[in-house]
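# What the coordinates show
Residues per chain are reported as follows:
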Amino acid sequence: MTISIVSSGDGTTGSIQLNGTSVSTFTNSGMPFMRNILINGDMRINQRVVTIAAAANGTYGPDRWKKVDAGNMTQIVESGNFKPSTIYTLSGTNVTTQQITSPASGHWTLPNMSITATKVQLEEGSIATPFELRPIGLELIMCQRYYEKSYNDAEAPGTITSAGGYHMTVGAATPWPSTATVQFRVVKRISPTITTYNPFAANSAWGDEGRNQDFSSNISLVNDSSMRIYPAPEIPSTTRHLHIHWVANAEI
């Protein structure tokens, strides 16, 4: 009598065989960490506070998910996050499980998926495994490589609030600081595009708390890890409490 254990090629399933005949099957629950190369596959992170259904075509809703048309969305996987010319399995809720081959070079735009899809997974090999639920803090950090805001998590960019924004206090007869450096929480994919928002009005200027006065914003020396942001030069006659919000966008 011969007893043997036969594993699948990727090690996720196998069978116990008696004299060459399978008598039992098993699944290996010790699945590798970070096997899902998609980011925010379950749409938990939504820094823009825009659903994919409400997003305009060609723009992003929940982090990393781009609206294609009224019924479809996609994710573009950054070059370097996948093995070129390799078979991967795409799966998820409201997703047709399928094997697709990664491109030989460049970024990878996935096939269109329904805007109702969730728990979307893309993993190397030909077998779809259960959705990988990563710690939410880690998922947010991965999203911030492509998009980061100064607002609190639940607040959409453009919200009238000073909470979470950049604040500068300047005393009377004191020149503005020449520059103020903002260090991004996460190094970006590329030097991002910066958009600024007034916390007290619907414009892009610095707002002076309690004085209903705005000062134009200046941005310089933007790189993948920081930028300089400062108001138009002035020597104030009274103490100023200046606030501004910003978004750094490095999406593909």
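First, a word on scope: everything that follows refers to the structure included in this document. As the structure is a computational prediction, the values presented were derived from the model and not from experiment.

### Some remarks on the pattern of salt bridges
Counted under the stated rule, the structure contains eleven salt bridges. One salt bridge connects Arg-145 with Glu-78, and the closest N-O pair in it is separated by 2.8 Å. Here Glu-78 lies in the loop between strand 6 (76-77) and strand 7 (87-93) and Arg-145 lies in the loop between helix 1 (136-144) and strand 12 (147-149), a separation of 67 residues in the sequence. When the shortest N-O distance is used, the salt bridge between Arg-185 and Glu-148 registers 3.4 Å. Placement of Arg-185 in the loop between strand 14 (181-183) and strand 15 (193-197) and of Glu-148 in strand 12 is noted, with a sequence separation of 37 residues between them. Taking the relative accessible area as the measure of exposure, Arg-185 reaches 54% and is therefore exposed. A residue is classified by how much of its surface remains accessible, and Glu-148, at 0% relative accessible area, is buried.

### Some points on the nonpolar core
Within the largest apolar cluster, 18 residues are counted, with the highest numbers of intra-cluster contacts made by Trp-108, Val-120 and Leu-122. Contributions of two or more residues to this core are made by strand 7 and strand 11 (118-124). In contact with Val-120, not counting residues within four places along its chain, are Asn-36, Leu-38, Gly-41, Met-43, Trp-65, Leu-90, Ser-91, Gly-92, Val-95, Met-113 and Phe-131. Core analysis: the next-biggest nonpolar cluster, separate from the first, contains 14 residues, Met-168, Ala-180, Trp-246 and Ala-248 among them.

### Structural notes on empty space enclosed by the protein
Scanning the model with the defined rule gives one cavity of 30 Å³ or more in all. Volume-wise, the largest cavity comes out at about 30 Å³. Surrounding the largest cavity, Ile-37, Leu-38, Ile-39, Arg-64, Gln-75, Ile-76, Val-77, Glu-78, Asn-81 and Tyr-146 form its lining. For the lining of the largest cavity, a count of residues per class yields six nonpolar, two polar and two charged.

### A word on the sheet that holds strand 18 (residues 217-220)
Read across the open sheet, the three strands follow the order 14-19-18; overall the sheet is antiparallel. The strands lining the two open edges of the sheet, one partner per strand, are strand 14 and strand 18. Direction aside, the axes of adjacent strands within the sheet are offset by 30 degrees on average. Sheet analysis places strand 14 next to strand 19 (residues 226-231), joined by three bridges and oriented antiparallel. Considered in strand 19, the bridge of Gln-183 is made with Ser-226.

### Re the side chain of Thr-196
If you trace the backbone, Thr-196 turns up in strand 15. Note on Thr-196: relative accessible area 10%, which makes it buried. Within the local environment of Thr-196, its side chain forms a polar contact with the backbone oxygen of Ser-204, the two atoms lying 2.8 Å apart. A distance of 3.2 Å separates polar atoms of two side chains, one belonging to Thr-196 and the other to Ser-217. Discounting chain neighbours no more than four positions away, the residues touching Thr-196 are Asn-203, Ser-204, Ser-217, Ile-219, Ile-229, Ile-244, His-245 and Trp-246.

### Digging into the sheet that holds strand 5 (residues 72-74)
Taken in spatial order, the three strands make up an open sheet running 4-5-10, and their pairing is antiparallel. Only two strands of the sheet have a single neighbouring strand rather than two, namely strand 4 (66-69) and strand 10 (113-114).

### Observations concerning the environment of Tyr-166
Mapped onto the fold, Tyr-166 is located in strand 13 (residues 166-170). Judged by relative accessible area, Tyr-166 falls into the partly exposed class, the value being 24%. Separated by 80 residues in the primary sequence, Tyr-166 and Trp-246 have C-alpha atoms spaced 8.3 Å apart. Ignoring anything within four residues of it in the chain, the contact list for Tyr-166 reads Ala-180, Thr-181, Val-182, Trp-206, Leu-242, His-243 and Ile-244.

About the criteria used
- Residues numbered from 1 in each chain as written.
- Predicted model: local features only at pLDDT ≥ 70, side-chain atom pairs only at ≥ 80, totals over all residues.
- Heavy atoms only, no water.
- Salt bridge = Lys/Arg side-chain N within 4 Å of Asp/Glu carboxyl O.
- Helix = DSSP H or I, 4+ residues; strand = E, 2+ residues; numbered from the N terminus.
- Buried < 20%, exposed > 50% of the residue type's maximum accessible area, 1.4 Å probe, protein only.
- Core = buried A, V, L, I, M, F, W, Y, C linked by side-chain atoms within 4.5 Å.
- Contact = heavy atoms within 4.5 Å.
- 1 Å grid on protein atoms, 1.4 Å probe; cavity = no way out; pocket = protein on both sides within 12 Å on 5 of 7 lines; lining within 4 Å.
- Points joined across faces, edges and corners; volume = space filled by probe spheres on them.
- Nonpolar A, V, L, I, M, F, W, Y, C, P; charged D, E, K, R; others polar.
- Pairing = 2+ DSSP bridges.
- Axes fitted to C-alpha atoms, helices over the stretch in contact; angles between N-to-C directions.
- Polar contact = N/O pair within 3.5 Å; in protein donor to acceptor, adjacent residues only side chain to side chain.

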